[in-house]
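A structural walkthrough
Each chain, letter by letter, is given below.
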Amino acid sequence: MRSNRTAAIALAMAFAIALMLAAHPAQAQSDSATTKPPAAAPAPAATAAPKGPADQCYACHVEQDTPAATAYKNDVHHAVGVTCAGCHGGDPTTDDQDAAMSKAKGFAGVPKKDQIPAMCGKCHGPAQGPGNAFQTRFKLDNVLADFKESIHGHALAGNPKGPQCVSCHGIHEIARVTDARSPVHPTHVVDTCAKCHSDATYMRDFSPTLPVDQKEKYLTSVHGKRHAAGDPKVATCVSCHSNHRILQAKDPRANVYPTNVPKTCARCHGDAKYMAGYGIPTSQYSDYVQSVHGKALLVKTDLNAPACNSCHGNHGAAPPGVSSVIAVCGRCHQMNQELYERSAHRAVFEGKKLPGCVVCHGNHKVQPASDQIVSFDPPSPCAQCHVNTPADKAAPDIQRLRLVLDSLSTGQVAALAVLDRAENLGMDVSDARYSLKDVNQSAVQARVAIHSFKVKEVQEAARPGIAIIAQARTAGQEAVHEYGFRRQGLAVSTLIVTFLVILLWLKIRDIEKKQKEKGR
């Protein structure tokens with residue numbers, strides 16, 4: 001026989017849980033924390049509950065038609081036999097309320113928010129052996145460890161309002177991630193993340209500088225538009241950030257750390273089978289790792305080098321359009337952008353709807369710039385539009401541009417050869433050799449000036465380097481000449497000394513001869 005007291009308490013609990021479901025997850029858990037479990041109560045064990053009448057807590061709440069019991073009918077845990085006591089503790093085998101909610105039987109009531117991960121972790125935590133029937137039966141992962149390591153876990157540890165399991169999965173109507181009813185189903189997970197990440201007031205308590213417009217940006221992205229159209233395969237928040245082990249972007253282990261971004265994107269964009277039907281290439285990653293950008297980021301670990309999101313964006317990811325390629329590349333190559341925008345090529349490219357920088361440099365497989373790129377011979381980009389004939393008015397300028405660039409490279413080689421010869425002769429030309437280092441700077445500036453496609457500007461950029469080459473070459477030639485002069489001087493000196501020695505010898509001989517004649 002159930003008492004009136006039982007009914008009253010059941011109704012009160014139902015009302016409280018209904019408020020929790022309707023409220024913001026963070027707020028809901030804050031409210032739930034008002035019911036403090038006994039500190040000394042033993043942790044309730046999640047066990048395979050007997051079905052039917054043995055789960056008396058559920059039977060009673062169903063009879064009372066409480067929101068929690070109504071919701072739990074559709075919960076994945078209820079479907080596999082997890083009793084109310086599996087989470088809340090107590091004795092599910094008795095219909096006596098006092099006995100069922102006895103602290104001696106481990107009844108904990110509604111857990112505090114920061115106690116929820118440990119509660120869920122009884123099954124979804126580290127392996128506990130055959131004693132945990134559900135963990136053994138369903139081979140559950142240790143997502144508790146992932147959560148504790150995540151930024152969410154750290155947030156909860158520092159602030160009891162932080163996110164935890166029910167913030168994302170719900171409370172009494174938890175469904176599998178593959179179930180469309182689940183808040184973490186691919187079609188809902190963006191809204192689930194946005195409940196907190198779009199709430200500036202809530203986020204201010206954890207990361208005041210973190211933007212709260214990620215969802216709005218996402219909805220403008222190719223991913224977001226396809227997601228809104230109902231595409232279940234398209235990337236969502238967890239596709240890039242993971243689900244339970246979400247790490248800060250500055251953490252080298254994070255999927256979105258700069259050196260990990262290309263592989264994160266390639267998980268989908270490098271999978272030809274997965275991407276079938278989208279009509280886009282899947283060679284982006286293999287091309288990128290061969291590019292000057294990929295080698296700088298992945299081999300040299302230069303974190304300033306661009307990854308996928310540097311050009312495509314992250315939450316608002318979209319391929320740069322024809323009109324925006326210049327601006328995207330110009331974020332790093334600002335001088336090149338300025339020169340190109342006042343060049344004759346800009347109007348021509350825009351008229352033909354050509355994607356600016358990509359026409360000459362490619363997109364994912366960008367190679368280091370070289371002088372050979374200015375040529376009429378394929379695969380030079382110039383050869384795509386220009387031919388070395390009198391009919392092509394730009395042909396003479398292309399030849400002159402290449403000549404200027406060659407004057408720096410070949411001139412430097414020739415000057416070094418002269419300096420090598422001087423050094424091999426024992427002459428000191430270290431100053432001239434050191435000065436040649438500045439030629440490289442002029443070569444870089446001349447290659448940048450190429451984007452103006454004006455011979456005069458390229459010549460001006462190359463002029464300091466050409467002057468240095470001339471001075472170094474002159475210094476080398478003078479050193480070689482001086483060596484020859486010294487050799488000649490040495491020969492003359494040697495002859496003079498030899499002549500003097502002979503004269504001296506003859507004089508001595510003459511003196512000795514006269515002394516002998518006087519002695520006779």
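Residues numbered from 1 in each chain as written. Predicted model: local features only at pLDDT ≥ 70, side-chain atom pairs only at ≥ 80, totals over all residues. Heavy atoms only, no water.

Counted by the stated rule, this structure contains 3 aromatic pairs. Between Tyr58 and Tyr72, the ring centres sit 6.1 Å apart and the planes meet at 65 degrees, which makes this aromatic pair edge-to-face. Placement of Tyr58 in helix α3 (residues 56-63) and of Tyr72 in helix α4 (residues 67-72) is noted, with a sequence separation of 14 residues between them. Tyr72 shares its class with Tyr58; the two are buried. The interplanar angle of 50 degrees and the centroid separation of 5.1 Å between the aromatic rings of Tyr202 and Phe206 together place this pair among those described as tilted. The exposure class assigned to Tyr202 is buried, which follows from its relative accessible area of 7%. Of the residues examined, Phe206 reaches a relative accessible area of 26% and is grouped as partly exposed. Note that Lys233 overlies the ring of Tyr274, its terminal NZ or CZ placed 4.6 Å from the centroid. (Phe/Tyr/Trp six-rings, centres within 6.5 Å; stacked < 30°, edge-to-face > 60°. Helix = DSSP H or I, 4+ residues; strand = E, 2+ residues; numbered from the N terminus. Buried < 20%, exposed > 50% of the residue type's maximum accessible area, 1.4 Å probe, protein only. Lys NZ or Arg CZ within 6 Å of the ring centre and 35° of its normal.)

This next bit is on unusual backbone geometry. Following Pro378, the chain continues into Pro379 via a peptide bond in cis, with omega recorded as 5 degrees. Structurally, the position occupied by Pro379 is in the loop between α26 (357-361) and α27 (395-424). A positive phi angle is found at Lys353, which is not glycine, with a value near 55 degrees. Of note, Lys353 is situated in the loop between α25 (344-351) and α26.

We now examine helix α30 (residues 455-519). Between the first and last C-alpha of α30 there are 93 Å, a value that for 65 residues agrees with the 96 Å anticipated at 1.5 Å per step. Of all the bends in α30, the greatest, near 40 degrees, is centred on Ala462, and the proline Pro464 appears no more than four residues after it. Every buried residue belonging to α30 is among Val455, Val458, Ala461, Ala462, Gly465, Ile468, Ile469, Ala472, Gly476, Ala479 and Val480, and all of these are buried. The inward-facing, buried residues of α30 abut α27, α28 (430-435) and α29 (437-449). (Expected span 1.5 Å × (residues − 1). Bend = angle between axes of the 7 residues up to and from the residue. Contact = heavy atoms within 4.5 Å.)

On to the nonpolar core, then. Counting 29 residues, the largest nonpolar core has Leu408, Leu436, Ala446 and Val458 as the members making the most contacts within it. Secondary structure elements with two or more residues in this core: α27, α29 and α30. Setting aside residues no more than four positions away along its own chain, Leu408 makes contact with Val439, Ser442, Ala443, Ala446, Ala462, Gly465, Ile466 and Ile469. (Core = buried A, V, L, I, M, F, W, Y, C linked by side-chain atoms within 4.5 Å.)

Looking now at a nonpolar patch on the surface. Residues Val492, Ile496, Phe499, Leu500, Ile502, Leu503, Trp505 and Leu506 make up a contiguous nonpolar surface patch of roughly 780 Å² in combined accessible area. Structurally, the position occupied by Ile502 is in helix α30. On the basis of relative accessibility, which here comes to 42%, the residue Ile502 falls in the partly exposed class. (Patch = residues over 30% accessible without salt bridge, like charges linked within 9 Å, V, L, I, M, F, W, Y side chains within 5 Å. Areas by Shrake-Rupley, 256 points an atom, 1.4 Å probe, with all protein chains shown as cover. Salt bridge = Lys/Arg side-chain N within 4 Å of Asp/Glu carboxyl O.)

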